[in-house]
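Spelled out from the first residue to the last, the chains are:
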Amino acid sequence: MTSDGKTFEDIYFTSRDGLKLHARRYNARQGTSGRALLCLAGLTRNGRDFHDLAVALSRHPTSARTVYTLDYRGRGLSEFDPDWHNYTVPVEMYDVLDFLTMMGLEDVAIIGTSRGGLITMLMAAAQPSAIGAAILNDIGPVIEQDGLIRISGYVGRTPLPISWADAARMVKDLNRRHFPEIRDAQWEDIAHQLYNERNGKPAPGYDQKLGKALSVLYGPLPELWPQFQALKNVPVLVIRGENSDLLTEATVEEMRRRHPTLAAVTVANQGHAPFLKDGPTIEAIRHFLVATDLGQSVSALSIA
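Keep in mind that what you see is a predicted model, and the values were worked out from it rather than measured. (Residues numbered from 1 in each chain as written. Predicted model: local features only at pLDDT ≥ 70, side-chain atom pairs only at ≥ 80, totals over all residues. Heavy atoms only, no water.)

Draft legend 1. Quick peek at the overall build of the protein chain. Scanning the protein chain for helices and strands turns up 10 helices and 10 strands. In terms of overall size, the protein chain behaves like a compact globule, its C-alpha atoms giving a radius of gyration of 18 Å where 304 residues would be expected to give roughly 19 Å. With the C-alpha coordinates aligned to their principal axes, the bounding extent of the protein chain is approximately 50 × 50 × 40 Å. The 304 residues of the protein chain split such that 54% are buried. For the protein chain, contacts bridging at least 24 residues in sequence account for 76% of all contacts bridging at least 6. Summing over all exposed atoms, the protein chain offers an accessible surface of approximately 13500 Å²; the carbon and sulfur share of this is 51%. (Helix = DSSP H or I, 4+ residues; strand = E, 2+ residues; numbered from the N terminus. Rg over C-alpha atoms; globule rule 2.2 N^0.38 Å. Buried < 20%, exposed > 50% of the residue type's maximum accessible area, 1.4 Å probe, protein only. Contact = heavy atoms within 4.5 Å. Areas by Shrake-Rupley, 256 points an atom, 1.4 Å probe, with all protein chains shown as cover.)

Set out below in structure tokens:
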């Protein structure tokens, strides 16, 4: 905890092309220090998505670790890119690598939700020594077209809500089919993660021009098995939402076949992508990280 009572500290750094980017650091409680964890969010999301997870892991009484979250360019509190063509996985990967270099981090654990998982797999191929363990949250080498079409239908097209109550309603309407058990109060929390705040009201949490970057992708995305194979020498945990339309059970099974020590868990009654807020999922992540710190097998991991 910082001197002002916050559970995290804000970090700002400059990308190689001059953008001011934002991150958070949740320092491990005194006397404990597992492998540091870097959290990478989904396409339109930001580091606030990982707040509950980061607090739980950094404050754990016996296995705390420092946790970092990152806002990609054009998301959260990071500066928008004047050229939307730069909203690509390779460019964002270089931003991540620059952040790791600035912080002096190597052999880190990375949890990547959706887009963040793509960045993680690309990083494994480009700079293998950067990653000590990987958690892929509802993402794999094969991305289902139905899910991609659904996402492209709202990115950059959703109107700005006029109040936080309106924001909660909009977020619920977009997601409730895949997350039927999320309560109204939780949708309010999720809305505060997605949107920035200005003068007490919701403000854009991502550059609407992300929709242009997504619209240039026509047809099925290429499969990323070579990039996934680059993770073969590190422990990997795959988290899949039971109702996911982006990651299928068949893809997870093929990931198991190609990475025999891979651990996989399914989050019941959640879709793309699991929110990582419930106790059992957080505990599964913690257990995986502790096991990788100790060099233990993780393939039998499950959510209680």
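Next comes the rest of the write-up.
Draft legend 2. Just the packing of helix 5 (residues 164-175) against helix 6 (residues 184-194), in detail. Packing of helix 5 against helix 6 leaves a shortest axis separation of 8 Å and a crossing angle of 100°. When the axis of helix 5 is compared with that of helix 6, the two are roughly perpendicular. Here helix 5 contributes Trp-164, Ala-167, Ala-168, Val-171, Lys-172 and Asn-175 to the contact with helix 6, which in turn contributes Asp-184, Trp-187, Glu-188, Ile-190, Ala-191, His-192 and Leu-194. (Axes fitted to C-alpha atoms, helices over the stretch in contact; angles between N-to-C directions. Parallel < 35°, antiparallel > 145°, perpendicular 65-115°, else oblique.)

Draft legend 3. Representation of the side chain of His-259 in the model. Within the secondary structure, His-259 is located in the loop between helix 9 (249-258) and strand 10 (263-267). A residue is classified by how much of its surface remains accessible, and His-259, at 3% relative accessible area, is buried. At 3.2 Å, the side chain of His-259 and the backbone oxygen of Leu-231 are in polar contact. There is a polar contact of 3.0 Å between the side chain of His-259 and the backbone oxygen of Val-234. With sequence-adjacent residues up to four places away left out, His-259 is seen in contact with Phe-228, Leu-231, Lys-232, Val-234 and Val-236. (Polar contact = N/O pair within 3.5 Å; in protein donor to acceptor, adjacent residues only side chain to side chain.)

Draft legend 4. Representation of the sheet that holds strand 9 (residues 236-241) in the model. Taken in spatial order, the eight strands of this open sheet run 1-2-4-3-5-6-9-10, and their pairing is mixed. In the strand order of this sheet, the two ends are held by strand 1 (9-14) and strand 10, each with one partner. Pairwise comparison of adjacent strand axes, ignoring direction, gives a mean angle of 20° for this sheet. The sheet contact formed by strand 3 (residues 37-40) and strand 5 (residues 108-113) spans four bridges and is parallel. Across the sheet, Leu-37 pairs through a bridge with Ala-109, a residue of strand 5. Those strands touched by helix 3 (residues 115-126) are strand 3, strand 5 and strand 6 (131-137), and its axis lies near 140° from that of strand 5. (Pairing = 2+ DSSP bridges.)

Draft legend 5. Spatial organisation of the environment of Leu-262. Relative to the assigned elements, Leu-262 resides in the loop between helix 9 and strand 10. Classification of Leu-262 as buried rests on a relative accessible area of 1%. When the C-alpha atoms of Leu-262 and Asp-71 are compared, they prove to be 28 Å apart, with 191 residues separating the residues in sequence. The residues touching Leu-262, leaving out its near neighbours within four places in the chain, are Phe-228, Val-236, Val-238, Met-255, Arg-256 and Ser-299.

Draft legend 6. The arrangement of the environment of Ala-109 in detail. Within the secondary structure, Ala-109 is located in strand 5. Considered as a pair, Ala-109 and Asn-243 are 134 residues apart in the sequence and their alpha carbons are 26 Å apart. Filtering out sequence-adjacent residues up to four positions away, Ala-109 remains in contact with Arg-35, Ala-36, Leu-37, Leu-38, Ala-133 and Leu-289.

Draft legend 7. Looking closely at the pattern of salt bridges. Applying the stated criterion to the full structure yields 21 salt bridges. Across the salt bridge formed by Glu-9 and Arg-25, the nearest N and O atoms sit 3.0 Å from each other. Placement of the pair is Glu-9 in strand 1 and Arg-25 in strand 2 (residues 20-26), with a sequence separation of 16 residues. Among the salt bridges present, the one from Asp-166 reaches Arg-169, with a minimum N-O distance of 2.5 Å. With Asp-166 and Arg-169 both in helix 5, this residue pair falls three residues apart, about one helical turn. (Salt bridge = Lys/Arg side-chain N within 4 Å of Asp/Glu carboxyl O.)

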